[in-house]
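Here are the chains, one letter per residue:
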Amino acid sequence: MYKIRGSFTKYLCMSIDIEGVIAIKGVIMSGGIGTRLRPLTCDLPKPMVPIFNKPVMEYGIELLKKHGINDIAVTLHYLPNMIMDYFGSGFKFDANIKYYIEEKPLGTGGSVKNAEEFLDTTVIVISGDAFTDINLKKAYDFHIKKGSKATLVLKREPIPLEYGLVITDEEGRIIRFLEKPSWGEVFSDTINTGIYILEPEVFQYYKKGENFDFSKDLFPKLLKDNMPIYGYIAEEYWCDVGDLNTYINTHKDILSRDNKHYLLGQNQGEGIWVGEGTIIEKGTKIYPPVYIGKNSIIKAGASLEPYCIIGNNCIVGEDTSIKKSIIWDDVNISNNCEIRKAVLCNDVKIDERNRIFEGAVIGSHSRILKNSTIKPKVKVWPHKTIDENITLNKNMVWEEKASKKLFGSRNIFGVYNTTITPEIAVKLGSSLATVIKRKGTFIVNSDEKNLSKSIKASIISGILSTGSLVIDIEDSTMPMCRFGVRYFKADGGVQIRTDEFNKSNVYIEILNSKGGNIDKGTERKIENSMVIEDYKRCEGYEIENAVNIYNFSSIYLKEGTKRLKNINKIKNKKPKLVIASPSKNIVNLAKKYLTKIGCTVITAEYNNNFGIEDIKNLVLEEDGDLGVFYSGDGEKIALTDGFNIIQDEKFNLLSFLIGFKTGELKEAAVPYNFPRIIEKIAKEHNGSTVYTKSNISDLIRTIVKKNLDFQFVLNFDGIWATGKIIDYLVDKNIVINKLLQEIPEYFYFRKEIPCTWDNKGNVIRRLTEDRKEGVELKEGIRFIDDKGWALIIPDEEKPRFNLYIEGDNEEYAEELWIKYDKKIRNLLKD
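Fair warning: this is a prediction, and the values are worked out from it, not measured in the lab. The written sequence of each chain sets the order in which its residues are numbered from 1. Given that the model is predicted, a residue must reach a pLDDT of at least 70 before its local features are reported, and side-chain atom pairs must reach 80 or more before they are shown or counted; all residues, however, enter totals for whole chains, interfaces and linings. Only hydrogens and water are set aside when side-chain values are computed; all heavy atoms of the structure are taken into account.

Novice: Quick question: what am I supposed to make of the overall build of the protein chain here?
Specialist: Numbering of helices and strands runs from the N terminus, with a helix taken as a DSSP run of H or I at least four residues long and a strand as a DSSP run of E at least two residues long. Looking only at helices and strands, the protein chain features 23 helices and 53 strands. Taking 2.2 N^0.38 as the reference for a compact globule, 830 residues should give roughly 28 Å; the C-alpha atoms of the protein chain span a radius of gyration of 31 Å, in line with that estimate. Principal-axis analysis of the C-alpha atoms places the extent of the protein chain at approximately 100 × 65 × 50 Å. In the protein chain, which comprises 830 residues, the share counted as buried stands at 58%. Whether two residues touch is decided by their heavy atoms; if any such pair falls within 4.5 Å, the residues are in contact. Within the protein chain, residue pairs in contact and separated by at least 24 positions form 60% of the contacts whose partners lie at least 6 positions apart. Charged-residue counts in this description rest on Lys and Arg as positive and Asp and Glu as negative, His and the chain ends being excluded. In plain terms, the charge of a residue is placed at NZ if it is Lys, CZ if Arg, CG if Asp and CD if Glu. Across the protein chain, 117 positive and 115 negative side-chain charges occur, with their mean positions spaced 2 Å apart. The quantity called the radius of gyration is restricted to C-alpha atoms. Its globule counterpart is 2.2 Å times the number of residues to the power 0.38. Residue exposure (1.4 Å probe, protein chains only): buried if accessible area is under 20% of the type maximum, exposed if over 50%, otherwise partly exposed.

Novice: Where do I start with unusual backbone geometry in this structure?
Specialist: Glycine aside, the phi torsion of most residues is negative, and most peptide linkages are trans. Pro 39 follows Arg 38 through a cis peptide bond whose omega is 15 degrees. Looking at the element boundaries, Pro 39 is found in the loop between strand S2 (25-30) and strand S3 (50-51). For the bond from Pro 288 to Pro 289, the omega torsion is 0 degrees, close enough to zero to count as cis. Here Pro 289 shows up in the loop between strand S17 (285-286) and strand S18 (290-292). If you check the backbone angles, Arg 353 has positive phi at about 60 degrees while not being a glycine.

Novice: So what exactly am I meant to see when it comes to the pattern of salt bridges here?
Specialist: Pairing is possible between side chains that carry opposite charge, provided their charged atoms lie close to one another. Should a side-chain nitrogen of Lys or Arg be within 4 Å of a carboxyl oxygen of Asp or Glu, the pair is scored as a salt bridge. Summed over all chains, the structure comprises 41 salt bridges. The residue Asp 648 makes a salt bridge to Arg 750 at a minimum N-O spacing of 3.6 Å. Here Arg 750 lies in strand S49 (residues 747-754) and Asp 648 lies in helix H16 (residues 648-662), a separation of 102 residues in the sequence. Given a relative accessible area of 43%, Asp 648 falls into the partly exposed group. A single salt-bridge network, built from bridges that share partners, covers Glu 305, Lys 323, Glu 338 and Arg 340.

Novice: For this particular structure, what's the right way to read a negative patch on the surface?
Specialist: Nonpolar side chains (Val, Leu, Ile, Met, Phe, Trp, Tyr) are joined into patches within 5 Å and like charges within 9 Å, using only residues with over 30% relative accessible area and no salt bridge. In this description, accessible areas are obtained by the Shrake-Rupley approach with a 1.4 Å probe, and a residue is regarded as covered only by the protein chains that are shown. Together, Glu 745, Glu 810, Glu 811, Glu 814 and Glu 815 line one region of the surface with negative charge. Looking at the element boundaries, Glu 815 is found in helix H23 (residues 810-829). Look at Glu 815 and you get partly exposed, because its relative accessible area is 42%.

Novice: When you look at the pairing of strand S40 (residues 505-511) in this model, what are you seeing that I'm missing?
Specialist: In summary, the side chains of a regular strand alternate between the two faces of the sheet. When you tally the buried positions in S40, you get seven out of seven residues, the bulk of the element. Burial along S40 is two-sided: the face carrying Asn 505, Tyr 507, Glu 509 and Leu 511 and the face carrying Val 506, Ile 508 and Ile 510 are both buried. Strand pairing is defined by DSSP finding a minimum of two bridges between the two strands. In terms of strand pairing, strand S36 (residues 412-415) meets S40 through four bridges, oriented antiparallel. Following the sheet pairing, Gly 414 is matched in S40 by Val 506. Taking the residues between adjacent antiparallel strands as the criterion, strand S39 (residues 492-498) and S40 are bridged by six residues.

Novice: Any chance you could explain the packing of aromatic side chains here in plain terms?
Specialist: Given two aromatic rings, one states the distance between the centres and the angle between the planes to describe the pair. The rule is short: rings of Phe, Tyr and Trp, with Trp giving its six-membered ring, pair when the centres are within 6.5 Å, and they are stacked under 30 degrees, edge-to-face over 60, tilted in between. This structure, assessed with the given rule, holds 27 aromatic pairs. Where Tyr 59 meets Phe 131, the ring centres are 4.8 Å apart and the plane angle is 75 degrees; that geometry is what we call edge-to-face. Taken together, the positions of Tyr 59 in helix H2 (residues 56-66) and Phe 131 in strand S8 (residues 130-132) put the pair 72 residues apart, joining distant regions of the chain. Overall, the relative accessible area of 3% leaves Tyr 59 in the buried class. On the basis of relative accessibility, which here comes to 3%, the residue Phe 131 falls in the buried class. With centroids separated by 5.8 Å and ring planes inclined at 90 degrees, the aromatic side chains of Phe 656 and Phe 674 adopt a geometry described as edge-to-face. With Phe 656 in helix H16 and Phe 674 in the loop between strand S47 (667-671) and helix H17 (677-684), the pair connects residues that are 18 residues apart, well separated along the chain. A single burial state applies to Phe 656 and to Phe 674, both of which are buried. Put simply, a charge is over a ring when the Lys NZ or the Arg CZ is close to the ring centre, within 6 Å, and near the line of the ring normal, within 35 degrees. In this arrangement the basic side chain of Lys 823 is found over the ring face of Phe 783, its NZ or CZ atom lying 5.5 Å from the centre.

Novice: In this structure, what is going on with the sheet that holds strand S46 (residues 645-646)? I would like to understand it.
Specialist: The strands making up a sheet associate through hydrogen bonds between their backbones, and the pairing can be parallel or antiparallel. Strand order in the open sheet formed by five strands is S43-S42-S44-S45-S46, and the pairing between neighbours is mixed. With one partner strand each, in any of the chains shown, strand S43 (600-603) and S46 form the two edges of the open sheet. Pairing geometry for strand S45 (residues 637-640) and S46, over two bridges, is antiparallel. The partner of Leu 639 across the bridge, within S46, is Ile 646. Note on geometry: axes are C-alpha line fits, over the in-contact stretch for helices, and angles between N-to-C directions span 0 to 180 degrees. The sheet contacts of helix H14 (residues 584-596) involve strand S42 (576-580), S43 and strand S44 (626-630), and relative to S42 the element is tilted by about 165 degrees.

Novice: Would you mind showing me how to read the packing of helix H22 (residues 760-768) against H23 here?
Specialist: Helices that pack against each other are described as a pair by the angle of their axes relative to one another and the distance between those axes. It is at 10 Å that the axes of H22 and H23 come closest, and there the two elements cross at 125 degrees. If you check the angle between H22 and H23, you find them oblique. For H22 against H23, the interelement crossing comes out right-handed. In this structure, H22 contributes Val 763, Arg 766 and Leu 767 to the contact, and H23 contributes Lys 823, Ile 824, Leu 827 and Leu 828. Roughly parallel here means an angle under 35 degrees, roughly antiparallel means over 145, roughly perpendicular means 65 to 115, and every remaining angle is called oblique. For any pair of crossing helices, the crossing counts as left-handed if the nearer helix is rotated counterclockwise from the farther one by less than a right angle, and right-handed if it is rotated clockwise.

Novice: What is the right way to look at the pairing of strand S38 (residues 469-473) in this model?
Specialist: Burial runs high along S38: four of the five residues are buried. Across five bridges, the pairing between strand S37 (residues 441-446) and S38 is parallel. Looking across to S38, one finds that Thr 441 is bridged to Leu 469. Once the chain exits S37 it traverses helix H9 (residues 450-464) before rejoining the sheet at S38, and the crossover so formed is right-handed. With three bridges joining them, S38 and strand S41 (residues 547-549) adopt parallel strand pairing. Looking at the pairing, Ile 471 lines up with Val 547 of S41. Crossovers are marked right-handed if the path from the first strand over the helix to the second runs clockwise, as seen with the strands pointing away from the viewer.

Novice: What exactly am I supposed to notice about the nonpolar core here?
Specialist: The tendency in soluble globular proteins is for nonpolar side chains to be buried side by side. Judged by nonpolar contacts, the single largest core of 79 residues is most densely connected at Ile 579, Leu 594, Tyr 630, Leu 639, Leu 654 and Ile 719. Broken down by element, this core gets its largest block of residues, eight residues, from helix H20 (residues 718-732). Those residues within four positions of Ile 719 in sequence are excluded, and the remaining contacts are Tyr 556, Leu 557, Ile 586, Leu 589, Ala 590, Tyr 593, Tyr 630 and Gly 634. Nonpolar core, defined: a set of buried Ala, Val, Leu, Ile, Met, Phe, Trp, Tyr and Cys residues in which side-chain atoms within 4.5 Å join the residues together. Core analysis: the second largest hydrophobic core is formed by 60 residues, Ala 95, Ala 139, Ile 191 and Ile 326 among them.

So this is what it looks like as structure tokens:
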């Protein structure tokens, strides 16, 4: 064997010549808890998470020192003593460090203001959990040149959803902020790095001790007051070590880039770094790039494959193979183990013949006994012991969902017993009740499928564990769930539905107290609660009995009947309807309702290829008055009179027209991607429109806020909507074709353009740079001229762009489509 001696690690400030000195102070925000990094941060503050065996915050101090910034304030909240013990007064870093502790979280702005006496000159604020070599001198020179009062250092990010988005004009002046946007709100790919250059006067906008956020509070106020606030776009490396993927990828990035190897010190071979006192026995196989810390032992026959990082004082046993993994300090890995793209925290002991697979994390002070397997993406919290001969296929706390996010554009979607298991459903129930209202009342229902009922039972169990009351409505629909939440004055609701085409796919929707879908902020809180298993559980004696309701449909249908004004006329006329739906339950409910109000109902036999066209033919064959096709969740309908098909935006235009004509609708809440012909219809009937974002939660929130009950029914309750439409047609003694003729001609269509996830932000940003044309940035990017418009919105769930086009005539609408299709595809090629 051989032993390598001599110091190899150098501080960043020693390995690079100091560039232009900046006569200002530095502030490092280090109060983060690091929820998304758990279990790494269960017993360690986020700024102390190691990158190449030293805390990420240490790199921040070195960055400030590199630019001559010696006076540094550090703001603390979570486990502050660990940071203060490590960095002390700053003497060993040749810096003067002062600490300011928040007793309670104050937000980014509040935490810095907590160091008020320190803020007597220009300050550079950086995050203690960001890893970067951004040139602060260049950013400072930009700040001075622009006469800026607040300069935000920005970076381009291909997928910017988890960051604050910042939009600037050609001069770099900031014109808009957006915190953690959805794809529909992505107007650029320039994100906020959390590095700010601030003049003292900006801190006069709020008081010490006030909970205040830079991005949400201070910067919008500066923007509103027309203060000079600018964005400097940096080209250097920057990474927010926010979750496990970015943590692992940061190490890979540094090892992969020759121009970043100065961060690692002197190497002992091409792409191999070995610390002082480390012993590598003969017969060890090392495939660069590999980084090994101090005083570690790599035994004979061990194999270290590319992108391995081994900490200080570690032992890697004989014939053990490690690949793409990060091993912290004091880790002992025995013989014949296999570790693949995993993270092992401090003082972990791995016995012989264990296998740990991709994405697994083993928390500090844990032990895995021999012959066990840790499956991919499994996380083990600190101080756990895994027995011999165990296959661990679920986390000790939480198993991540296969997709990037738990929630999609409006619901949770998954495959039964793959991404949606009964165990996950229990945790979902506990989390949603914890976040929405502990010991609240929740409506939980499902369709008639056994799969849905299985998931429902698990969700109910989780909700009950918080001391909340559950009202279980049997064999229900989405509209019934919305009605049930309002009827019982519940705090929220859950509806579970099985896909009619793929019987293993399940949908879960969560509602607020108004019967609308929860907003994005609540979705994130539920996800975070599940990740850290932060549930507000009750005592055993506090568990409530679930209330089971088996005939709620009678109440629901009765309420729908009460909303009609002309039931006697309907019974006299006996309109003949042909109806169908993928859901037998919805067909049965619709038939019961329509028969009760006086209609003659024919139910069509449904199969996977059946649709509104088939109903159109049946209406003609049966000499029917109207055909109705209900969606699988019961919310949407498509209509036909045997000649016309009315669905999607045409149905909504028809419903708006009826509402305006009857006076039941004075103002319409219109999704931003909807045809603007609605404005003409509203104006002709002395009505008005208010635009909302296109997602369902924003639309329903606006409808509820403005008490647009007619629109709520027509948009989100297919059965009641059918009744309202028949009620109007019979009362006015007109056919639907006559009513359609009152809708002005319009030329509107939707298209899709495939792309990669990484291209979305870049394309959107480059589209917004084209300021020669009329551009509206309310949701996506809307290009407007005097003959039409084109709206481009990145899809929330799929790698594609959604285009919405409306023109004065069909030819111009087609021109717009060709123009923007070509434009996007050219940007994608570039």
